[in-house]
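Chain by chain, the residues:
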Amino acid sequence: MVALSLQGVQPSPPQPQRPSLRSGKAAGAIRIRCGIAEPSGEPAPLGQKTRYNDGIFEKAFMTLFARKMEKFADPAAGKGREKKGWWDWGYDYESFVDVSRRVMQRRSRIQQQQVVREVLLSMLPPGAPAQFRKLFPPTKWAAEFNAALTVPFFDWLVGPSEVVEVEVNGMKQKSGVHIKKCRYLENSGCVGMCVNMCKIPTQDFFTNEFGLPLTMTPNFEDMSCDMVYGQAPPTFEEDPVSKQPCYADICKYDPLVLNESKDFYILTR
């Protein structure tokens, strides 16, 4: 599946339009390791699924996000809309990703992104975006501060990451985040979910709601991703992901296809 079509084809070559990144000790990278259960402590090689030891903190965020999305999601196959108490932490990462998949059904690309925006806004107190704009105007400091926060607070969602030096408008700054192997993309195996349920709505939320530009550049060859705070994202039409085909062999959601008018997804089985 792709952002606009669902042809099963092989991944395309790496896109050349990527930000300049400098990682490692030379760049003073900040690394925080999440609960990876692999003996190496690093994400599993491409083609293998990384094992994680999720604790209370991680499961709390999975449950919070999943419950917020459930009201927009189609019921799970063969089940009615199940209601659980907030004390029931019945979501692991796979069920969290499944909720995302069900949100996609019968929704256009734009509608999927709008759902993510609604979910993000629902987690903030009234007036939070305006306060964020006051506290974090689009400066080098604000970009670097948010990059530093991203590493510890979003490892439950994307896996291990590190702050790296990037170049924004000719200025070098440590406002980049390199995600080694995105857990969301790895578990969904779906380009469409990556683009419409994560990349585009997250870029839009920071850029338009918070007033802090953010560009996310996923690498579909190795499932890594580069985030650059302070860099304005391209339009969807100019973004290489708009033409990115899905993984022919690993996308779990091949039953999801576009309807005849190609404006929303339906389930074929």
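Predicted model only: the values in this text are computed from it and were never measured. (Residues numbered from 1 in each chain as written. Predicted model: local features only at pLDDT ≥ 70, side-chain atom pairs only at ≥ 80, totals over all residues. Heavy atoms only, no water.)

Enquirer: Is there a simple way to explain the packing of aromatic side chains in this structure?
Expert: Two numbers describe a pair of aromatic rings. These are the distance of the centres and the angle of the planes. Applying the stated rule across the entire model yields 15 aromatic pairs. With 5.2 Å between their ring centres and 50° between their planes, Phe65 and Trp156 make a pair best called tilted. With Phe65 in helix 1 (residues 56–70) and Trp156 in helix 6 (residues 155–158), the pair connects residues that are 91 residues apart, well separated along the chain. Assessed through its relative accessible area of 1%, Trp156 is described here as buried. (Phe/Tyr/Trp six-rings, centres within 6.5 Å; stacked < 30°, edge-to-face > 60°. Helix = DSSP H or I, 4+ residues; strand = E, 2+ residues; numbered from the N terminus. Buried < 20%, exposed > 50% of the residue type's maximum accessible area, 1.4 Å probe, protein only.)

Enquirer: How should I be thinking about unusual backbone geometry in this particular structure?
Expert: Across the chain, the bulk of peptide bonds are trans and the bulk of non-glycine residues have phi less than zero. Of note in this structure, Arg106 is not a glycine but carries a positive phi near 60°. Inspection of the secondary structure puts Arg106 in the loop between helix 2 (93–104) and helix 3 (109–122). Overall, Arg106 belongs to the partly exposed group, its relative accessible area being 44%. Despite not being glycine, Asn169 shows a phi value in the positive range, around 55°.

Enquirer: Could you clarify how one ought to interpret the nonpolar core in this entry?
Expert: As a rule of thumb, soluble globular proteins bury nonpolar side chains together. Ranked by internal contacts, the top residues of the largest apolar core, which has 54 residues, are Phe96, Tyr184, Phe220 and Tyr229. For this core, the element with the most residues is helix 8 (residues 191–209), which contributes nine residues. (Core = buried A, V, L, I, M, F, W, Y, C linked by side-chain atoms within 4.5 Å.)

Enquirer: Please clarify how the environment of Gln112 should be interpreted in this entry.
Expert: Relative to the assigned elements, Gln112 resides in helix 3. On the basis of relative accessibility, which here comes to 0%, the residue Gln112 falls in the buried class. Distance in space between the C-alpha atoms of Gln112 and Cys198 is 9.8 Å, their sequence separation being 86 residues.

Enquirer: Help me understand the packing of helix 2 against helix 8 in this model?
Expert: Geometrically, a packed helix pair is captured by the angle between its two axes and the distance between the axes. Running from N to C, helix 2 and helix 8 point in directions that differ by 80°, and their axes come no closer than 11 Å. One finds that helix 2 runs roughly perpendicular with respect to helix 8. From helix 2, Val97, Ser100, Arg101, Val103 and Met104 reach across to helix 8, where they touch Gly192, Met193 and Met197. A class-by-class count of the residues in the contact of helix 2 with helix 8 yields five nonpolar, two polar and one charged. (Axes fitted to C-alpha atoms, helices over the stretch in contact; angles between N-to-C directions. Parallel < 35°, antiparallel > 145°, perpendicular 65-115°, else oblique. Contact = heavy atoms within 4.5 Å. Nonpolar A, V, L, I, M, F, W, Y, C, P; charged D, E, K, R; others polar.)

Enquirer: Can you help me understand the pairing of strand 5 (residues 171–179) in this one?
Expert: A regular strand carries its side chains on alternate faces of the sheet. Strand direction decides the pairing type here: strand 4 (residues 161–168) and strand 5, joined by seven bridges, are antiparallel. Within the sheet, the bridge partner assigned to Glu167 lies in strand 5 and is Lys172. Following strand 4, the chain reverses through two residues before pairing antiparallel with strand 5; Asn169 in that reversal takes a positive phi of roughly 55°. (Pairing = 2+ DSSP bridges.)

Enquirer: Just checking my understanding: could you explain the packing of helix 3 against helix 8 for this structure?
Expert: Running from amino to carboxyl end, helix 3 crosses helix 8 at an angle of 60°, the nearest separation of the two axes being 9 Å. The orientation of helix 3 with respect to helix 8, classified from their angle, is oblique. Helix-helix and strand crossings are classified by hand; for helix 3 and helix 8 the assignment is right-handed. Seen from helix 3, the contacting residues are Arg109, Gln112, Gln113, Val116, Arg117, Leu120 and Leu121; seen from helix 8, they are Asn196, Met197, Ile200, Pro201, Phe205 and Glu209. Among the residues making up the contact of helix 3 with helix 8, the classes are represented as seven nonpolar, three polar and three charged. (Left-handed = near helix turned anticlockwise from the far one by under 90°.)

Enquirer: Can you walk me through the confidence of the model for the protein in this structure?
Expert: Residues with a pLDDT of 70 or more make up 74% of the protein, whose mean pLDDT is 80. The least confident element of the protein, judged by mean pLDDT, is strand 1 (residues 8–9) at 36; the most confident is strand 7 (residues 224–229) at 98. This model gives residues 1–33 a pLDDT under 50, and the stretch forms 99 contacts once residues within four places in sequence are excluded. Within the model, pLDDT remains below 50 along residues 254–269, and this stretch shows 42 contacts once partners closer than five positions in the same chain are excluded. (pLDDT = per-residue confidence, 0-100.)

Enquirer: Teacher, can you tell me more about helix 2 here?
Expert: An α-helix turns once per 3.6 residues; consequently, residues spaced three or four apart project the same way. With 12 residues, helix 2 extends 17 Å between its outermost C-alpha atoms, agreeing within 8% with the 16 Å of an ideal straight helix rising 1.5 Å per residue. The element helix 2 is extensively covered by neighbouring structure, given that nine of its 12 residues are classed as buried. Within the span of helix 2, buried status applies to Tyr93, Phe96, Val97, Val99, Ser100, Arg101, Arg102, Val103 and Met104. At the N-terminal end of helix 2, a side-chain oxygen is found 3.3 Å from the backbone nitrogen of Glu94, two or three residues along, and the residue is Asp92. Phi turns positive one or two residues past the end of helix 2, at Arg106, with a value near 60°. (Expected span 1.5 Å × (residues − 1). Polar contact = N/O pair within 3.5 Å; in protein donor to acceptor, adjacent residues only side chain to side chain.)

Enquirer: How should I be thinking about the environment of Asp226 in this particular structure?
Expert: Relative to the elements of secondary structure, Asp226 occurs in strand 7. Exposure remark for Asp226: the relative accessible area of 2% places this residue in the buried category. Sequence separation between Asp226 and Met216 is 10 residues, and the spatial gap between their C-alpha atoms is 5.7 Å. Within the structure, the side chain of Asp226 is placed 2.7 Å from the side chain of His178, a separation counted as a polar contact.

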